[in-house]
Amino acid sequence: RKEVEQDPGPFNVPEGATVAFNCTYSNSASQSFFWYRQDCRKEPKLLMSVYSSGNEDGRFTAQLNRASQYISLLIRDSKLSDSATYLCVGGAAGNKLTFGGGTRVLVKP
Amino acid sequence: GAGVSQSPSNKVTEKGKDVELRCDPISGHTALYWYRQRLGQGLEFLIYFQGNSAPDKSGLPSDRFSAERTGESVSTLTIQRTQQEDSAVYLCASSLILIGATWDEQFFGPGTRLTVL
């Protein structure tokens, strides 16, 4: 089992709709989690950190579910510019951070 | 301040040649990662350096690949006897351990696009 797993998608989302997707992790000791966004032929950029209490930044909400060992990302009022690959990453203290394979989101008019 | 820089930005080489890729992490970042990303694929972990600890080389695909890091500064990734399947973007990222031993985000460089003819 991979340490961090994501549904590759693509998630086809109508403009203005809400989309949510999860990322599961296998190491229960993981405590640092992030969501990154990667546009085509660009390097990944941090979207948001994921805290135990959750995190919200504008239209984006990230949640951590320790009991079920997954993090989630919800995008409200999707924009065409939200089309990208979303990467989750997690890691435990003393261990390297590990990326999931990414979830592709396509927002269509 | 300066981010992570990588050089060269593009490299075209012939099959069988050796190449060396360079990464300059953010100053003070103790952790440094190398990834490979083939076109349309996800990030493939290659190697991880953390402080003075032995590097985690578990992602290196073959013994043609090696990497070094001088202290907590520049790192070089060397690919010997390049093959066409080595063609990819090679990304470097650096990070910092925060108080409480949690990780800060990884900051990525712009990558080196390697093409092996």
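That block above? That's the structure.
For the structure given in this document, a descriptive report is provided here. Because the structure is a prediction, the values reported are computed rather than measured. (Residues numbered from 1 in each chain as written. Chains lettered and ligands numbered in written order. Predicted model: local features only at pLDDT ≥ 70, side-chain atom pairs only at ≥ 80, totals over all residues. Heavy atoms only, no water.)

### Side note on the overall build of chain B
For step 1, the next point in the chain: Looking only at helices and strands, one finds 0 helices and 10 strands in chain B.
For step 2, the next point in the chain: Mapped in sequence order, the helices and strands of chain B form the string β-β-β-β-β-β-β-β-β-β.
For step 3, the next point in the chain: Here chain B holds 117 residues, and the buried ones make up 48% of them.
For step 4, the next point in the chain: Counting only contacts in chain B whose residues sit at least 6 apart along the sequence, the fraction spanning at least 24 positions is 56%.
For step 5, the next point in the chain: Taken as a whole, chain B presents about 5700 Å² of accessible surface, with 48% of it coming from carbon and sulfur.
For step 6, the next point in the chain: The averaged location of the 13 negative side-chain charges in chain B is 7 Å from the averaged location of its 11 positive side-chain charges. (Helix = DSSP H or I, 4+ residues; strand = E, 2+ residues; numbered from the N terminus. Buried < 20%, exposed > 50% of the residue type's maximum accessible area, 1.4 Å probe, protein only. Contact = heavy atoms within 4.5 Å. Areas by Shrake-Rupley, 256 points an atom, 1.4 Å probe, with all protein chains shown as cover. Lys, Arg positive; Asp, Glu negative; His and termini not counted. Charge placed at Lys NZ, Arg CZ, Asp CG, Glu CD.)

### As for the packing of aromatic side chains
For step 1, the next point in the chain: Applying the stated criterion to the full structure yields 12 aromatic pairs over all chains.
For step 2, the next point in the chain: When the centroid spacing of 4.7 Å and the interplanar angle of 50° are considered together, the rings of tyrosine 25 of chain A and phenylalanine 33 of chain A count as tilted. Like phenylalanine 33 of chain A, tyrosine 25 of chain A is buried.
For step 3, the next point in the chain: Of note, lysine 96 of chain A hangs over the ring of phenylalanine 45 of chain B, and the distance from its end group to the ring centre comes to 4.7 Å. (Phe/Tyr/Trp six-rings, centres within 6.5 Å; stacked < 30°, edge-to-face > 60°. Lys NZ or Arg CZ within 6 Å of the ring centre and 35° of its normal.)

### A word on the sheet that holds strand 6 (residues 55-57) of chain A
All names here are of chain A.
For step 1, the next point in the chain: Sheet architecture is open: 5 strands sit in the order 1-3-8-7-6, paired in antiparallel fashion. Because the sheet does not close on itself, it has two edges, and the strands there are strand 1 (4-6) and strand 6. Averaged over all neighbouring strand pairs, the angle between strand axes comes to 15°, with direction disregarded.
For step 2, the next point in the chain: By the bridge criterion, 6 bridges tie strand 7 (residues 60-65) to strand 8 (residues 70-75) in an arrangement that is antiparallel. The residue bridging alanine 62 from the neighbouring strand is leucine 73, located in strand 8. (Pairing = 2+ DSSP bridges. Axes fitted to C-alpha atoms, helices over the stretch in contact; angles between N-to-C directions.)

### A word on unusual backbone geometry
For step 1, the next point in the chain: That bond from glycine 9 of chain A to proline 10 of chain A is cis: its omega, 10°, falls within 30 degrees of zero.
For step 2, the next point in the chain: Position of proline 10 of chain A relative to the elements: it lies in the loop between strand 1 and strand 2 (11-14).
For step 3, the next point in the chain: A cis amide bond links serine 7 of chain B to the next residue, proline 8 of chain B, at an omega of -10°.
For step 4, the next point in the chain: Assignment of secondary structure puts proline 8 of chain B in the loop between strand 1 (5-7) and strand 2 (10-13).
For step 5, the next point in the chain: Positive phi is not limited to glycine here, since arginine 41 of chain A has a value of about 65°.
For step 6, the next point in the chain: Of note, arginine 41 of chain A is situated in the loop between strand 4 (30-38) and strand 5 (45-50).
For step 7, the next point in the chain: Its identity as a non-glycine residue notwithstanding, aspartate 77 of chain A has a phi of 45°, on the positive side.
For step 8, the next point in the chain: Relative to the helices and strands, aspartate 77 of chain A is located in the loop between strand 8 and strand 9 (84-92).

### Some thoughts on the interface of chain B and chain A
For step 1, the next point in the chain: Opposite the 22 residues of chain B that make contact, chain A presents 18 residues.
For step 2, the next point in the chain: Note on chain B versus chain A: buried area summed over both sides is about 1600 Å², and carbon and sulfur give 57% of it.
For step 3, the next point in the chain: Summed over the three residues of chain B that lose the most area to chain A, namely Trp103, Glu105 and Phe108 of chain B, the buried surface amounts to 32% of that side.
For step 4, the next point in the chain: Between chain B and chain A we count 1 salt bridge in total.
For step 5, the next point in the chain: Salt-bridge contacts for aspartate 56 of chain B lead to lysine 96 of chain A; the nearest nitrogen and oxygen are separated by 3.0 Å.
For step 6, the next point in the chain: No other element matches strand 4 (residues 31-37) of chain B, which puts 3 residues into the side of chain B that touches chain A.
For step 7, the next point in the chain: A breakdown of the residues in the side of chain B that touches chain A according to their chemical character gives 11 nonpolar, 7 polar and 4 charged. (Buried area = accessible area lost by both parts, 1.4 Å probe. Salt bridge = Lys/Arg side-chain N within 4 Å of Asp/Glu carboxyl O. Nonpolar A, V, L, I, M, F, W, Y, C, P; charged D, E, K, R; others polar.)

### A short note on the pairing of strand 3 (residues 19-24) of chain B
Residue and element names in this part refer to chain B.
For step 1, the next point in the chain: Only one face of strand 3 is covered, namely the face carrying Val19, Leu21 and Cys23; the face carrying Glu20, Arg22 and Asp24 is uncovered.
For step 2, the next point in the chain: Bridge count between strand 1 and strand 3: 3 bridges; the pairing is antiparallel. Within strand 3, the position partnered with serine 7 by the bridge is arginine 22.

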